[in-house]
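Architecture at a glance
Now for the letters of each chain:
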Amino acid sequence: MKLKDRVAIVTGASRGIGRAIAAGFAKEGANVVVAARSANQKHERLPGTIYETAEEVEKHGRRALPVQCDVTDENSVQAMVDAALKEFGRIDILVNNAGVAFYFPVVETPLRKWEIVIDVNLKGVFLCSKAVLSSMIERRSGSIINISSLAADERDEGTVPTGVAYAVAKAAVDRFTWGLATEVGKHNIAVNCIKPKNVVSTEGMRFWVPEKDRQGWEPPDRMVKCAVFLAAQHAGSVTGTVATDHELCAWHGL
Ligand SMILES: NC(=O)c1ccc[n+]([C@@H]2O[C@H](COP(=O)([O-])OP(=O)(O)OC[C@H]3O[C@@H](n4cnc5c(N)ncnc54)[C@H](OP(=O)(O)O)[C@@H]3O)[C@@H](O)[C@H]2O)c1
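Conventions and cut-offs
Residues numbered from 1 in each chain as written. Predicted model: local features only at pLDDT ≥ 70, side-chain atom pairs only at ≥ 80, totals over all residues. Heavy atoms only, no water. Helix = DSSP H or I, 4+ residues; strand = E, 2+ residues; numbered from the N terminus. Rg over C-alpha atoms; globule rule 2.2 N^0.38 Å. Buried < 20%, exposed > 50% of the residue type's maximum accessible area, 1.4 Å probe, protein only. Contact = heavy atoms within 4.5 Å. Areas by Shrake-Rupley, 256 points an atom, 1.4 Å probe, with all protein chains shown as cover. Lys, Arg positive; Asp, Glu negative; His and termini not counted. Charge placed at Lys NZ, Arg CZ, Asp CG, Glu CD. Near = heavy atom within 4 Å. Polar contact = N/O pair within 3.5 Å; in protein donor to acceptor, adjacent residues only side chain to side chain. Nonpolar A, V, L, I, M, F, W, Y, C, P; charged D, E, K, R; others polar.

1. Description of the overall build of the chain
Helix and strand counts for the chain stand at eight helices and seven strands. Its C-alpha atoms give the chain a radius of gyration of 17 Å, near enough to 18 Å, the size a compact globule of 254 residues would have. If one aligns the C-alpha atoms of the chain with their principal axes, the spans along those axes are about 45 × 40 × 35 Å. Every one of the 254 residues in the chain was classed for burial, and the buried ones make up 51%. Long-range contacts, defined as pairs at least 24 residues apart, comprise 70% of the intrachain contacts of the chain with a sequence gap of at least 6. Taken as a whole, the chain presents about 12000 Å² of accessible surface, with 51% of it coming from carbon and sulfur. Both charge centroids of the chain, one from 31 positive and one from 30 negative side chains, sit 3 Å from each other.

See the structure below:
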């Protein structure tokens with residue numbers, strides 16, 4: 001087992017890539033803090049709650065701590081991290097996965113939508129990273145993994161347009177990744193970023209995109225492999241990397 005007895009926080013773990021990473025970590029022996037807002041299913045076409053993911057973690061014989069958390073709210077993030085430290089005594093891994101996108105051309109983007117997209121995708125990464133760092137620095141050990149997107153690098157003209165707010169937030173997450181990696185390398189903490197090369201079939205994506213437009217979509221398996229690899233490796237070996245799941249799999253033989 002690659003992550004035996006490690007403690008991981010996965011944000012946005014009520015469904016999608018976050019849920020798959022939480023289960024993948026548990027399969028490799030980690031105990032998992034399952035952080036997201038959904039305690040109950042609110043929409044019939046958008047399944048997934050923190051309790052369902054927690055059950056999946058426990059099926060692998062590991063401990064789960066489901067915590068309702070809004071990553072845009074500093075108090076909520078701090079309460080989630082405090083609960084994790086109280087339950088497990090330490091945090092080895094943080095996966096900043098929570099994300100949202102709404103498509104609007106800039107000229108039609110309501111300010112509130114702009115703020116939500118920037119806040120969940122970028123401010124959430126800052127708040128969660130900041131909240132875990134003091135305990136990681138104290139223990140001189142840790143791995144932070146950010147989930148970004150090729151929307152940061154490419155023109156928004158695929159079958160799933162995501163809009164400029166999302167692209168800007170993810171581009172900033174890429175920059176945050178290597179900026180923070182440079183700051184905390186001396187404390188033996190790795191910070192890396194994974195982007196899906198192809199669209200990953202998740203509850204969120206299936207909610208938004210009609211079935212006819214789903215060619216070439218992939219399951220989250222490569223994302224899980226990459227997250228396990230980055231979480232398990234020694235902090236000094238891979239850090240400050242921003243790469244796609246396909247690249248990481250090719251480079252590291254995953
Ligand atoms: N799927 C893809 O093809 C793809 C491609 C590129 C990048 N990504 C990135 O991968 C990550 C996961 O995407 P996905 O497709 O798995 O999305 P998804 O199925 O829509 O799941 C998104 C997750 O984020 C959580 N979330 C949203 N707002 C939150 C908030 N304020 N606080 C806490 N959690 C929040 C949701 O939980 P609650 O609603 O329960 O809070 C949910 O668990 C995102 O960062 C996304 O940008 C995905």
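2. Some remarks on unusual backbone geometry
Positive phi, normally seen in glycine, also occurs at Asp5, with a value near 65 degrees. Locating Asp5 in the fold gives a position in the segment before strand S1 (7-11).

3. Section: the site of the ligand
Of all residues adjacent to the ligand, which total 29 residues, the nearest are Arg37, Ser38, Tyr166, Val200 and Thr202. One of the side-chain nitrogen or oxygen atoms of Thr202 is found 2.7 Å away from an oxygen atom of the ligand. Taken by itself the ligand offers 880 Å² of open surface, and the protein chains cover 92% of this. Split into classes, the residues belonging to the shell around the ligand amount to 14 nonpolar, ten polar and five charged.

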